[in-house]
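# Results of the structural survey
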2 protein chains.
Amino acid sequence: MTANKKAIVAGGGLVGALWAIFMAKRGYDVEVFEQRSDMRIAGYSGGRSINLAMSERGWKAVRKAGIEDKIRKVAIPMYGRMIHSLSGELTFQPYGETGQAIYSVSRGGLNLELLRIADRFENVKFHFDHKCRGVDLDNNIAAFEHIPTGDRIQMQAPLIFGTDGAFSAVRNSMLKRPRFNYSQSFLDYGYKELTIPATDDGRHAMPNLNALHIWPRHNFMLIALPNADGSFTCTLFLPFEGGEDAFDHLNTDDEVMRFFERNFPDAIPLMPTLLEDFHHNPTSALVTVRCTPWEVAGRTLLLGDAAHAIVPFFGQGMNAGFEDCTILDEMADHYGEDWGRILPEFSSSRAADANAIADLALNNFVEMRDLVADPDFLLRKQITAHLHEKYPDQFIPMYTMVSFSHVPYSRALAEGKAQDVLFDRILAIDDIADSWEDNPSVDAIFHAWRKEFPN
Amino acid sequence: MTANKKAIVAGGGLVGALWAIFMAKRGYDVEVFEQRSDMRIAGYSGGRSINLAMSERGWKAVRKAGIEDKIRKVAIPMYGRMIHSLSGELTFQPYGETGQAIYSVSRGGLNLELLRIADRFENVKFHFDHKCRGVDLDNNIAAFEHIPTGDRIQMQAPLIFGTDGAFSAVRNSMLKRPRFNYSQSFLDYGYKELTIPATDDGRHAMPNLNALHIWPRHNFMLIALPNADGSFTCTLFLPFEGGEDAFDHLNTDDEVMRFFERNFPDAIPLMPTLLEDFHHNPTSALVTVRCTPWEVAGRTLLLGDAAHAIVPFFGQGMNAGFEDCTILDEMADHYGEDWGRILPEFSSSRAADANAIADLALNNFVEMRDLVADPDFLLRKQITAHLHEKYPDQFIPMYTMVSFSHVPYSRALAEGKAQDVLFDRILAIDDIADSWEDNPSVDAIFHAWRKEFPN
């Protein structure tokens, strides 16, 4: 192994571990630094994570890395949303065509699997308990602190990948450079992990396990995603402040219980540890990070959340990070590992897609917490499915483009905006709710619209 | 002096020195830390600054601090813009009514004066050569490094003011806190300081010294502001990359000279050190910084560029920072120095104005480099003056609101947008260029508009 074939991966989370596998397969000597302890020994400390929803972009990456089978085993298909009304009625809204699903995967479980796979490569070395303290970007030297001892080490490599997440230390080093554009923007909402445990005989407490459960309450929501062990990981998304339905008003047992009785009565019997979980688990913030460029001098590159952290409402954060790996690996094939050329090109071509999925994720929060319970939205979903069936090449639902295809996110965003125009027109037709099937006006509007907004 | 009446001011630039004076007058023990050496001994190292244009908001602050007279002595009034066409013709465009001026002040000279005044207070102590290394925001302890020795010191105080500029270390400590919203955004333009020296007999080489000189060239521009010593400080604003009129194409003497011959032929004879200056002075970047909140726990507060760095095209950067001091001091009067209440209220009420002047400054770049040479813009300026004269209470030009009033920036921005609508309508009148004086259509449009957009 020559000195040139060496890479530092700062951050051994999902994207870091996956990218280490890609680089290992290319024959690179990969040094992975991770601030957490080795979860194979220390276990995975949950309590603040939202389950992942693996969709096509994520699958493509693990397929390319040759590890799809192992991941399939811990993934539970979700074929649509299961909407819980206040009175406990359930309504199912499919995500795509029959058989199309996104897959619930626990973050800890997936990370563990990726670590195991990466560590099997002789040319991958993990350094746990090492926190990145920044990168000397002029000399490509990364600094790490060994947390238990406080010792500092430095390592130089021709390539440094910053996969150290939304609060990236590698990115923080870039922040001081001129012409580095950066923004971090928080929602006024927090989230808290809760749990619906498995039944005593190890089964799921809600029989509809193949769905993403949503309790939409206009301004806030509860969701639940199934786990392979029979439990559901739940997440409450709620404003930090403002009115009685806000985290700052939920301090006592009584306040929490009354809030759940008011809003999620059917969930209470499923959550025996509700109060303990509520008080014990932190209330976390939701950030969107955008920056450009992601690279310095063709030698240091941000990937995943470090480059483009997004809110979780489209279930695309991990998928976008994994797609980074796919695209970067394809570029390495295409340009023969000419990284000095690849890194700037990747950074400039991928940024628009990262911005697009950030926007889509923010928009989808409104859809999940509010629109899914709106009759117009349901009607739109029905007509969407109808048009997709009738004009499969001309009309692909935006959700399908994002979750079940590899179309660039920026194209999906643009098509989504165009589809909003289409539905403004269709839903303005008189009696459309009762007449959309075989309505020639719908087809006329559709054809005129597609001419105006070619796909 | 009680321990409670102590404040740390991190950054002894313009806003830091001025705010130290305000706090000293309130009887606070003020510790000012500045990373540069004492400019009273070391001098002021120029080469990368743009002259300041002090306008009404700046004057109000220095008046409130009781130091207006001293500043007046080093300020040169500029009554308008002097536009240099490619062929060397000059056109004067007044900024306001007769006698209204903005004032050219050298950054170094003003800073020196503020330091001298602040240092005369017994309760102000300056620590030069001390670079801020961040603030422990939970315990209100600021860390500084003494640059010559590398020694670190820490200081605790009930109040810490971060006046350490666009790349603030105090703000960098806030960046890691949840729910701190932040963006830094760079223009694709750089700037370079150049100079027109005084004549041999110490006079200004351009006789029109009471103007801000502009060589507008659509996509870029050169400007010149007069100094009290007879020189002009010039600034070239130019794209970093793209085409022959860009910094990355100006490397050799020949390239620089041909660029100036092509674009600023009348300036060349006035700039005997053009090539030396061009090669010696750095090409600097132009950043806009926005963030919220500016304070933590009612104890640490960002002020000036640290909270809201803006591009220089409205000449409002220093004025906005000085207005921060005025408003904060007024709030201290109003709330009896209840800083725990003042800091959050200042932060939340002032942010919209900071965002507004950031937007106005970005917009004004287009006006300066392009629109000032446009006949429609000149016509608009004439009708603006006419309407202001005819309806002095109902119509105040946006530029006047920003530069010659204390109206909140956010109101000036909103009024500017409304005025854009007005002029779209007025300039659509047939033959308006020849008929705007005493044209009843103009008055009719004006009255209808003012009803639609009440001021």
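Predicted model, so just to flag it, every value in this text is computed and none were measured. (Residues numbered from 1 in each chain as written. Chains lettered and ligands numbered in written order. Predicted model: local features only at pLDDT ≥ 70, side-chain atom pairs only at ≥ 80, totals over all residues. Heavy atoms only, no water.)

### Considering the overall build of chain A
Helix and strand counts for chain A come out as 16 helices and 19 strands. In summary, chain A has a C-alpha radius of gyration of 23 Å against a globular reference of 23 Å for 455 residues, a match within 12%. Judged by the C-alpha coordinates and their principal axes, chain A covers about 70 × 55 × 40 Å. Taken across its 455 residues, chain A has 55% of its residues classed as buried. Excluding contacts between residues fewer than 6 apart, the proportion of contacts in chain A whose partners are at least 24 apart in sequence is 70%. Element-wise, carbon and sulfur atoms account for 50% of the exposed surface of chain A, whose accessible area totals about 18,700 Å². Considering chain A, the positive charge centre built from 44 side chains and the negative charge centre built from 62 side chains are found 7 Å apart. (Helix = DSSP H or I, 4+ residues; strand = E, 2+ residues; numbered from the N terminus. Rg over C-alpha atoms; globule rule 2.2 N^0.38 Å. Buried < 20%, exposed > 50% of the residue type's maximum accessible area, 1.4 Å probe, protein only. Contact = heavy atoms within 4.5 Å. Areas by Shrake-Rupley, 256 points an atom, 1.4 Å probe, with all protein chains shown as cover. Lys, Arg positive; Asp, Glu negative; His and termini not counted. Charge placed at Lys NZ, Arg CZ, Asp CG, Glu CD.)

### What to know about the packing of aromatic side chains
One pass over the full model with this rule turns up 61 aromatic pairs over all chains. Centre to centre, the rings of Phe-180 of chain A and Tyr-182 of chain A are 6.4 Å apart; their planes meet at 15°, and the pair counts as stacked. Note on Phe-180 of chain A: relative accessible area 3%, which makes it buried. The exposure class assigned to Tyr-182 of chain A is buried, which follows from its relative accessible area of 3%. Seen in terms of ring centroids, Tyr-189 of chain A and Phe-365 of chain A are 4.7 Å apart; in terms of plane orientation they differ by 80°. Their pairing is edge-to-face. You can see Tyr-189 of chain A sitting in strand β13 (residues 181-196) and its partner Phe-365 of chain A sitting in helix α11 (residues 339-369), a full 176 residues away along the chain. Over the ring of Tyr-409 of chain B we find Arg-57 of chain B; its NZ or CZ atom is 4.1 Å from the centre of that ring. Taking the ring centre of Phe-365 of chain B as reference, the NZ or CZ of Arg-369 of chain B above it sits at 4.5 Å. (Phe/Tyr/Trp six-rings, centres within 6.5 Å; stacked < 30°, edge-to-face > 60°. Lys NZ or Arg CZ within 6 Å of the ring centre and 35° of its normal.)

### Examining helix α14 (residues 409-426) of chain A
Across its 18 residues, α14 of chain A extends 25 Å between first and last C-alpha, which sits within 8% of the 26 Å expected from 1.5 Å per residue. Residues of α14 of chain A that are buried: Tyr-409, Ala-412, Leu-413, Glu-415, Gly-416, Ala-418, Gln-419, Leu-422, Phe-423 and Ile-426 of chain A. (Expected span 1.5 Å × (residues − 1).)

### Observations regarding the interface of chain A and chain B
Taken residue by residue, the interface counts 17 residues in chain A and 17 residues in chain B. Between chain A and chain B, a total of about 1,500 Å² is buried, with carbon and sulfur atoms accounting for 45% of that surface. Considering only the surface of chain A that becomes buried against chain B, Arg-179, Gln-184 and Phe-186 of chain A emerge as the three largest contributors, covering 42% of it. Joining chain A to chain B, the criterion identifies two salt bridges. For Glu-241 of chain A, the salt bridge goes to Arg-179 of chain B, with nearest N and O atoms at 3.0 Å. Counting the contacts that link chain A with chain B gives 10 residue pairs in polar contact (both at pLDDT 80 or more). Take the side of chain A that touches chain B: its biggest share by element is seven residues, from β13 of chain A. In terms of residue class, the side of chain A that touches chain B is built from seven nonpolar, five polar and five charged. Here β13 of chain A pairs with strand β13 (residues 181-196) of chain B via three bridges, running antiparallel. Bridge assignment links Ser-183 of chain A to a residue of β13 of chain B, and that residue is Ser-183 of chain B. (Buried area = accessible area lost by both parts, 1.4 Å probe. Salt bridge = Lys/Arg side-chain N within 4 Å of Asp/Glu carboxyl O. Polar contact = N/O pair within 3.5 Å; in protein donor to acceptor, adjacent residues only side chain to side chain. Nonpolar A, V, L, I, M, F, W, Y, C, P; charged D, E, K, R; others polar. Pairing = 2+ DSSP bridges.)

### Some points on the sheet that holds strand β7 (residues 102-105) of chain B
Strand pairing in a sheet relies on backbone hydrogen bonds, with the paired strands running either antiparallel or parallel. Residue and element names in this part refer to chain B. Strand order in this open sheet of three strands is β3-β7-β4, and the pairing throughout is antiparallel. In this open sheet, the two edge strands, each paired with only one partner strand, are β3 (52-54) and β4 (76-78). Neighbour-to-neighbour, the strand axes of the sheet open up by a mean angle of 40°, direction not taken into account. Pairing geometry for β4 and β7, over three bridges, is antiparallel. Bridge assignment links Pro-77 to a residue of β7, and that residue is Tyr-103. (Axes fitted to C-alpha atoms, helices over the stretch in contact; angles between N-to-C directions.)

### Looking at the packing of helix α12 (residues 375-390) of chain B against helix α14 (residues 409-426) of chain B
All names here are of chain B. The geometry of α12 relative to α14 is characterised by a closest axis approach of 11 Å and an angle of 110° between their N-to-C directions. The orientation of α12 relative to α14 falls into the category roughly perpendicular. Taken as a pair, α12 and α14 cross one another with a handedness that is right-handed. Residues Arg-380, Ile-383, Thr-384 and Leu-387 of α12 pack against Gln-419, Asp-420, Leu-422, Phe-423 and Ile-426 of α14. Along the lines of polarity and charge, the residues of the contact of α12 with α14 split into five nonpolar, two polar and two charged. (Parallel < 35°, antiparallel > 145°, perpendicular 65-115°, else oblique. Left-handed = near helix turned anticlockwise from the far one by under 90°.)

### Here we look at helix α5 (residues 107-119) of chain B
Residues spaced three or four apart along an α-helix point in a common direction, a consequence of the helix completing one turn every 3.6 residues. Between the first and last C-alpha of α5 of chain B there are 18 Å, a value that for 13 residues agrees with the 18 Å anticipated at 1.5 Å per step. Buried within α5 of chain B we find Gly-108, Leu-110, Asn-111, Leu-112, Glu-113, Leu-114, Leu-115, Ile-117 and Ala-118 of chain B.

### What to know about the domain arrangement of chain A
When the domains of chain A are assigned, the result is domain 1 (6-74 + 106-182 + 288-363), domain 2 (185-285) and domain 3 (374-452). On a C-alpha basis, the centroid separation for the pair domain 2 of chain A and domain 3 of chain A is 33 Å. (Domains from an automatic or database assignment.)

### So, the side chain of Asp-353 of chain B
All names here are of chain B. Residue placement: Asp-353 occurs in helix α11 (residues 339-369). Buried and without a salt bridge, Asp-353 has Arg-350 as its closest oppositely charged side chain, separated by 4.3 Å. Leave out the neighbours within four places in its chain, and Asp-353 touches Pro-408, Tyr-409 and Ser-410.

### Thoughts on the pairing of β13 of chain B
Each regular strand displays side chains that alternate between the two surfaces of the sheet. All names here are of chain B. Taken across its 16 residues, β13 has 12 buried, putting it largely inside the fold. Judged from the eight bridges that link them, β13 and strand β17 (residues 284-292) form a sheet pairing that is antiparallel. The residue of β17 that forms the bridge with Ser-183 is Arg-290. Note that β13 and strand β16 (residues 232-239) share eight bridges and pair antiparallel. Looking at β16, one finds that Tyr-191 is bridged to Phe-237.

### Regarding the state of the cysteines
Residue and element names in this part refer to chain A. Under the defined criterion, the tally for this structure stands at zero disulfides over all chains. Cys-291 provides the cysteine sulfur closest to Cys-132, a residue in no disulfide bond, and the two sulfurs are 15 Å apart. Considering cysteine sulfurs only, Cys-291 is the nearest to Cys-325, which forms no disulfide, with 16 Å between them. (Disulfide = S-S within 2.5 Å.)

### Section: the relation of the copies chain A and chain B
Of the two same-sequence chains, chain A is brought onto chain B (RMSD 0.0 Å, axial shift 0.0 Å) by a rotation of 180°. The relationship between the two copies is best expressed as a two-fold rotation axis. Rotation axis and chain A: the residue whose C-alpha lies nearest the axis is Ser-183 of chain A, separated from it by 2.0 Å. (Least-squares fit on C-alpha atoms with pLDDT ≥ 70 in both.)

### Structural notes on the pattern of salt bridges
A side chain with one charge can pair with a side chain of the opposite charge if their charged atoms come near. A full pass over the atoms with the stated rule returns 62 salt bridges over all chains. Put simply, Arg-26 of chain B and Asp-329 of chain B hold a salt bridge, and the shortest N to O gap is 2.9 Å. Within this pair, whereas Arg-26 of chain B is found in the loop between α1 (14-25) and β2 (29-33), its partner Asp-329 of chain B is found in helix α10 (residues 317-334), the two being separated by 303 residues in sequence. A relative accessible area of 15% places Arg-26 of chain B in the buried class. Assessed through its relative accessible area of 7%, Asp-329 of chain B is described here as buried. Close ionic contact of Arg-290 of chain B with Asp-359 of chain B constitutes a salt bridge, the shortest N to O distance being 2.8 Å. Linking Arg-290 of chain B in strand β17 with Asp-359 of chain B in helix α11, this pair joins segments that are 69 residues apart in sequence. Connected through salt bridges with shared partners, the residues Lys-5, Arg-26, Lys-64, Asp-329, Asp-333 and Glu-337 of chain A form a single ionic network.

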